[in-house]
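# Tertiary structure, described
Read off the chains here:
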Amino acid sequence: RLGAFEAALDSYDHALQLKPDHALAHYHRGNALRAMERNDEAIAAYRAALAHGDNPETIAFALASLGVGETPAVLPAEYVRSLFDQYANHFDEHLVNVLDYQTPAYLDDMLRRVAPATGLDTLDIGCGTGLCAPYLKAYSRRLDGVDLSQQMLDKAAERGGYDELACADLITYLDGRADRWDLAVAADVFVYIGDLAPVFERVRRALRPGGRFCFSVEAGQDADFTLLPTNRYAHSLAYLERLAQATGFEVLAAEPLAARQENGAAITGHAVMLRRPN
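All residue numbers here refer to positions counted from 1 along the written sequence of the relevant chain. Predicted model: local features are reported for residues with pLDDT of at least 70 only, side-chain atom pairs are reported and counted for 80 or more only, and whole-chain, interface and lining totals are derived from all residues. Note that water and hydrogens are dropped before the side-chain values are worked out from all heavy atoms of the structure.

## What to know about the overall build of the chain
Filter applied, for reference: Strands here mean DSSP runs of E at least two residues long; helices mean DSSP runs of H or I at least four residues long; both are numbered from the N terminus. Our radius of gyration is a C-alpha quantity, and the globule rule it is checked against amounts to 2.2 Å times the number of residues to the power 0.38. Any residue under 20% of the maximum accessible area for its type is buried, any over 50% is exposed, and the rest in between are partly exposed; the area is computed with a 1.4 Å probe on protein chains only. Residues are treated as being in contact if the distance between any of their heavy atoms lies within 4.5 Å. Note on areas: Shrake-Rupley, 1.4 Å probe, and residue coverage restricted to the protein chains presented here. Under the convention used here, Asp and Glu are negative, Lys and Arg are positive, and both His and the chain ends fall outside the count. In this description, the location of a charge corresponds to atom NZ of lysine, CZ of arginine, CG of aspartate or CD of glutamate.
Along its length, the chain carries 12 helices and 9 strands. A globule of 278 residues ought to have a C-alpha radius of gyration of about 19 Å, and the chain, at 20 Å, matches this closely. Across its three principal directions, the C-alpha atoms of the chain cover 65 × 40 × 35 Å. In the chain, which comprises 278 residues, the share counted as buried stands at 48%. Counted over contacts in the chain with a minimum sequence separation of 6, partners at least 24 positions apart contribute 64%. Counting every atom, the chain has about 12,900 Å² of accessible surface; 50% of that belongs to carbon and sulfur. One way to put it: in the chain the 26 positive side-chain charges average out to a point 6 Å from where the 39 negative ones average out.

If you want it as structure tokens, here you go:
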């Protein structure tokens, strides 16, 4: 978090002198090298972690983020859960004050401009600490949230505004919940999911006729989805539009989005609003 990657690397090197087969030290050494853009060395460190018994699924997506091997369809749930359990206590401050995170406000503006409505039953997908809740509550009669991280949900409960909070995998949570909501919102959630087809299919079923689906992604180029060195996915707009049509949505809006800052540079994205036809 401090960005002291050289010092971290020295520490991992010392640890491995003491215990050369320590898989987790190899893995975190790879993370430090990747942050320093020493990608060939990072790949070697990840392969060493794999050779010494670290989690193959975790290593596979770390290597894929550096262009080695097949791109996984989704990040491992345990990785995402652990990441945000650790992140929960300083999530809001870091995201808003350091990364200049604007996505909840932008999606709120899009909803009000493109298809305003009130009295909605709303689902906040990947609700985290509840940064979207103050916006969504303004036009929702009921607001539900779902997230993988219980510690993030605890923060959302403290913030208030939700009628129900569920700690669950999104696909599992949506299965069996048909015609339940008028609006589903996912702010900065699909950066942890590559193949969005299963999500789109289930969100469409979970929405009532005329229901809207509003979300953000990081902007990709040619491929449908790409796993970036940040361990986040980027999606192409062409993929999102094609997937929307294939799963029975109509596209109401698709707009460029400056999602946040990273290392002083703006991260570009797409804000998209879909509608389930009547």
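## Some details on the packing of helix 1 (residues 5–18) against helix 2 (residues 23–35)
Here is the rule: Every angle, taken between N-to-C directions, lies between 0 and 180 degrees, and every axis is a line fitted to C-alpha atoms, over only the stretch in contact when it is a helix. Oblique is the label for any angle not covered by the other classes, which are roughly parallel (under 35 degrees), roughly antiparallel (over 145) and roughly perpendicular (65 to 115). When the near helix sits turned anticlockwise from the far one by under a right angle, the crossing is termed left-handed; a clockwise turn instead gives a right-handed crossing.
At a closest axis distance of 9 Å, the pairing of helix 1 and helix 2 adopts a crossing angle of 155°. Judged on the interaxial angle alone, helix 2 and helix 1 are roughly antiparallel. Taken as a pair, helix 1 and helix 2 cross one another with a handedness that is left-handed. Taking contact as the criterion, the partners of Phe5, Leu9, Tyr12, Asp13 and Leu16 in helix 1 are, on helix 2, Ala25, His26, His28, Arg29, Ala32, Leu33 and Ala35.

## Things to note about empty space enclosed by the protein
As a reminder of what qualifies: A 1.4 Å probe that fits but cannot get out identifies a cavity on a 1 Å grid over protein atoms alone, an open set with protein on both sides within 12 Å along at least five of seven lines counts as a pocket, and a residue lines either if it has an atom within 4 Å of a point. Grid points are joined across faces, edges and corners, and a volume is the space filled by probe spheres set on the points. In this classification, Asp, Glu, Lys and Arg are treated as charged, Ala, Val, Leu, Ile, Met, Phe, Trp, Tyr, Cys and Pro as nonpolar, and every other residue, Gly included, as polar.
Under the counting rule described, the total for this entry stands at 1 cavity of 30 Å³ or more. Approximately 40 Å³ is the volume attributed to the largest cavity. In this structure, the largest cavity is lined by Pro104, Leu107, Asp108, Leu111, Cys132, Tyr135, Leu136, Tyr139 and Val185. Counting residues per element, the ones that place at least two in the lining of the largest cavity are helix 7 (103–114) and helix 8 (133–136). Tallied by class, residues from the lining of the largest cavity come to 8 nonpolar, no polar and 1 charged.

## What to know about the nonpolar core
Spelled out, the test is: The nonpolar core is taken to be a set of buried Ala, Val, Leu, Ile, Met, Phe, Trp, Tyr and Cys residues, with the residues joined through side-chain atoms within 4.5 Å.
Grouped together as the largest cluster of nonpolar side chains are 54 residues, with contacts concentrated most on Ile125, Phe190, Phe200, Val203, Phe213 and Phe215. Each residue touching Ile125, except ones within four places of it in the same chain, is listed here: Val146, Leu170, Ala184, Val185, Ala186, Ala187, Val189, Val203 and Phe213.

## Digging into the pairing of strand 2 (residues 140–147)
Rule in force here: Only when DSSP finds a minimum of two bridges between them are two strands counted as paired.
Counting buried positions along strand 2 gives 6 out of 8 residues, so the element sits mostly inside the fold. Pairing analysis gives 6 bridges linking strand 1 (residues 120–125) to strand 2, with the strands arranged parallel. Within strand 2, the residue paired with Asp124 across the bridge is Gly145. When strand 2 meets strand 3 (residues 164–167), the two strands line up parallel, connected through 4 bridges. Along strand 3, the bridge assignment pairs Val146 with Ala166.

## A look at the pairing of strand 1
Counting buried residues in strand 1 gives 6 out of 6 residues, a clear majority hidden from the surface. Across the two faces of strand 1 the burial is the same, with Leu120, Thr122 and Asp124 and Asp121, Leu123 and Ile125 all buried. Where strand 1 meets strand 4 (residues 181–186), 3 bridges bridge the pair, whose relative direction is parallel. Looking at strand 4, one finds that Thr122 is bridged to Leu183.

## Concerning the pattern of salt bridges
Definition in use: Salt bridges are defined as contacts in which a side-chain nitrogen from Lys or Arg sits within 4 Å of a carboxyl oxygen from Asp or Glu.
For the coordinates displayed, the defined rule picks out 17 salt bridges. For Asp121, the salt bridge is made with Arg208, and the minimal N-O distance between the two is 2.9 Å. Residue Asp121 is found in strand 1, and its partner Arg208 is found in strand 5 (residues 207–219); the two are separated by 87 residues along the sequence. With a relative accessible area of 8%, Asp121 lands in the buried category. Judged by relative accessible area, Arg208 falls into the partly exposed class, the value being 23%. With a shortest N-O distance of 3.9 Å, Arg142 and Glu164 are connected by a salt bridge. Remark: Glu164 occurs in strand 3 and Arg142 occurs in strand 2; sequence separation between them is 22 residues.

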